[in-house]
Amino acid sequence: MKLYNTLSRSVEEFTPAPPAHIGMYSCGPTVYDYQHIGHMRRYVGDDILIGVLKYNGYDVKHVMNITDVGHLVSDADSGEDKMEKGAKKFGLSVWDIAKKFEQQFFDSTEALNIKRPDVVMHATDYIAEQIALIEELEKKGFTYKTEDGIYFDTAKDSDYFKLSRQNPDELKKGARVEFISGKRNVADFALWKFSPEGEKRQMEWDSPWGIGFPGWHIECSAMSMKELGPSFDIHTGGIDHIAIHHTNEIAQSECATGKEFVRYWVHHNFLVVDGEKMSKSLGNFYTVQDVIDKGYDPMALRYLYLQTHYRQEMNFTWESLTAAQTAYHKLLREVATWDKPTKGITEFEERFSEAINDDLNTPKALGIVWELVKSDYSTAEKAASIAKMDTVFRLNIFTNAEKEQTINFPQEVMDLVKEREDFRKAGDWAASDELRNKIADLGFAIKDTKNGPVISKK
Ligand SMILES: [Zn+2]
């Protein structure tokens, strides 16, 4: 199996360290606001990676954190705390904000059939571990104190830039703005921040250095090593984590333990909408719930994600989602009438395996699935191979194909829907509404979308 390792900037042969069980840590959400379809692309990507590892016979222990404290708006340790900011925005306590958006996150992952990590760790549950790690760094001389917190001295770590490959001199030039007083080097970062004098924060803890809260980065080092040991195989995150968050995780962990922290760094690229960065102000910020509310099957979104390689930027459009949904449902209809699986087809399974083992080439692997569907092999043989391939994709092809069969809408309803569309095109809204009621009386709801009507059982 080959995997791109950000550390070496190359596709490497994946050779996990013994024992055979693989430790994998993913940076989870900061639960202060809605998680959007760009975030979800990353978690589907992790899900696929785990699927491929298991397909290759590896046992995986997957750990993910929930950042419910200490993540400042700016990566440079200045600005507001994201949690406190979210609490203000939604008029809730920080603890309730954390609960609300963790739920929204897991609702989204569930709708996309993303498997829950084996271990989910909340940063607020591991404050003692974070303090212990900072103490270790302090003991080894990597920290210093400023008026605003305990900082990591990056000048003492000769390997500090090994992941980001940044040039420290270049960094200095660009960093005038957010320089915090007392910081020795531009890249230095907070391990522990003091609560502002005379201010009671909603989340704060006692520590050997005074009342305050941990810096964002320390939680991932403390929690990943607690569950997976000082050295483990895979760490994932978005490409935006390379320069600061993951760089700081490596520095903290390796300086504290003297061991290599992580062997393979996997980074997922972004998703843009209609070629633009997603933002609430542009009105192109979508959550999985928005996708569902527009009448789409969330599994069509999962299918759409697979069509772009995880290291490429993905351009989301509603047209592409419609096309993915059409393809996905076509696939379900194809397999719905197949015979029970017997023995798979080696030729196709080998090609599939080659594609996914080539740095998770899901677009290619999906193409092979379609080639197999259209091939002349018996449906029993095809079913066996597709079922195996779907352990990687987790599109629930066979179970959803069965469900799809049960939503064969009656002809009477389909005729009414078509008739109503004709009225709508002619602008006859009264007649169109009357037919909507008729359809409702038959037990079906109709929803008009940009891409035509979507029918569902009421
Ligand atoms: Zn992290």
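The paragraphs below set out a description of the structure included in this document. (Residues numbered from 1 in each chain as written. Predicted model: local features only at pLDDT ≥ 70, side-chain atom pairs only at ≥ 80, totals over all residues. Heavy atoms only, no water.)

### Here's the deal with helix α1 (residues 37-55)
We count it as follows: Secondary structure elements are taken from DSSP: a helix is a run of H or I of four residues or more, a strand is a run of E of two residues or more, and numbering for both begins at the N terminus. In this analysis, the expected span of each helix is defined as 1.5 Å times one less than the number of residues it contains. In this scheme, a residue with accessible area under 20% of its type's maximum is buried, one over 50% is exposed, and one in between is partly exposed, where area comes from a 1.4 Å probe on protein chains only.
Under the 1.5 Å per step criterion, the end-to-end length of α1 is 26 Å for 19 residues, consistent within 8% with the ideal 27 Å. Counting buried residues in α1 gives 17 out of 19 residues, a clear majority hidden from the surface. Note on α1: the residue one or two positions beyond its end, Gly57, has a positive phi of about 90°.

### Some remarks on the coordination of the zinc ion
The criterion, for reference: Any nitrogen, oxygen or sulfur atom within 2.8 Å of a metal ion counts as a donor, with the limit raised to 3.2 Å for Na, K and Ca, and since water is left out, coordination shells can look unfinished.
Coordination of the zinc ion by the protein involves Cys27 (SG), Cys220 (SG) and His245 (NE2), with metal-donor separations of 2.0 to 2.1 Å. Read in sequence order, the donor residues coordinating the zinc ion give the pattern C-x192-C-x24-H. Separated by 25 residues along the polypeptide, Cys220 in helix α6 (residues 216-228) and His245 in helix α7 (residues 242-257) bring together distant segments of the chain. A relative accessible area of 1% places Cys220 in the buried class.

### Considering the nonpolar core
The nonpolar side chains of a soluble globular protein tend to be buried with one another. Put simply, the test is: Definition of nonpolar core: a set of buried residues of the types Ala, Val, Leu, Ile, Met, Phe, Trp, Tyr and Cys, connected through side-chain atoms within 4.5 Å. The contact criterion used throughout is that any non-hydrogen atoms of two residues lie within 4.5 Å.
Counting residues in hydrophobic clusters, the biggest one holds 125 residues, and the most contacted among them are Ile234, Leu301, Phe316, Phe352 and Phe393. Of all the elements, α1 adds the most residues to this core, at 10 residues. Residue contacts for Phe316: discarding those within four places in its chain leaves Ile37, Leu271, Val272, Val273, Asp274, Tyr286, Leu301, Leu304 and Leu321. The next biggest cluster of nonpolar side chains, apart from the first, holds 8 residues, and it includes Val413, Leu416, Phe444 and Ile446.

### Overview of the pattern of salt bridges
Heads up, the condition is: The salt bridge definition used is simple: a Lys or Arg side-chain nitrogen within 4 Å of an Asp or Glu carboxyl oxygen.
Counted by the stated rule, this structure contains 28 salt bridges. With its nearest N and O atoms 3.0 Å apart, the salt bridge here joins Arg351 to Glu371. Here Arg351 is found in helix α11 (residues 346-356), whereas its partner Glu371 is found in helix α12 (residues 362-374), with 20 residues between them in sequence. On the basis of relative accessible area, Arg351 is assigned to the partly exposed category, the value being 29%.

### Structural notes on the sheet that holds strand β6 (residues 143-145)
Our working definition: At least two bridges found by DSSP between two strands are what make those strands a pair. Only the contacting stretch of a helix is used when fitting its axis, a line to C-alpha atoms as for every element, and angles between N-to-C directions run 0 to 180 degrees.
On the basis of which strands lie adjacent, the open sheet formed by 4 strands has the order β6-β7-β8-β9 and antiparallel pairing. Pairing within the sheet leaves two strands with one partner each, and these edge strands are β6 and β9 (212-214). Pairs of neighbouring strands in the sheet enclose a mean axial angle of 20°, with direction left out of account. Here 4 bridges tie strand β7 (residues 149-152) to strand β8 (residues 189-194), and the two strands are oriented antiparallel to one another. Bridging across to β8, Tyr151 finds its partner in Ala190. Where helix α4 (residues 127-139) meets the sheet, it contacts β6, β7, β8 and β9, and its direction lies at approximately 120° from that of β8.

### Observations concerning the sheet that holds strand β4 (residues 59-66)
As summarised here, the arrangement of the 5 strands in space is β5-β4-β3-β10-β11, forming an open sheet in which the pairing is parallel. The open sheet is flanked by β5 (119-122) and β11 (262-268), the only strands paired with a single partner. For this sheet, the mean inter-axis angle between neighbouring strands, taken without regard to orientation, is 20°. Note that strand β3 (residues 21-26) and strand β10 (residues 232-238) share 3 bridges and pair parallel. Considered in β10, the bridge of Ser26 is made with Thr236. The strands touched by helix α3 (residues 94-111) are β4 and β5; relative to β4, the strand with the most contacts, the crossing angle is about 145°.

### Considerations on the side chain of Asn361
Condition: Any N or O atom pair separated by 3.5 Å or less is treated as a polar contact, with the protein-specific requirement of one donor-capable and one acceptor-capable atom, and with residues adjacent in sequence counted only for side-chain atom pairs.
Here Asn361 shows up in the loop between α11 and α12. From its side chain, Asn361 meets the backbone nitrogen of Lys364 in a polar contact 3.2 Å long. When near neighbours in sequence (up to four residues on either side) are disregarded, Asn361 contacts His309, Ala355 and Ile356.

### Points about the pairing of β11
Under the convention used in this document: The handedness of a crossover follows from its direction of travel: if, with the strands pointing away from the viewer, the path from the first strand over the helix to the second runs clockwise, the crossover is right-handed.
The buried fraction of β11 amounts to 6 of the 7 residues, a majority that puts the element mostly inside the structure. The pairing of β10 with β11 spans 6 bridges and is parallel. Paired with Thr236 across the strands is Val266, a residue of β11. In terms of handedness, the path from β10 via α7 over to β11 forms a crossover that is right-handed.

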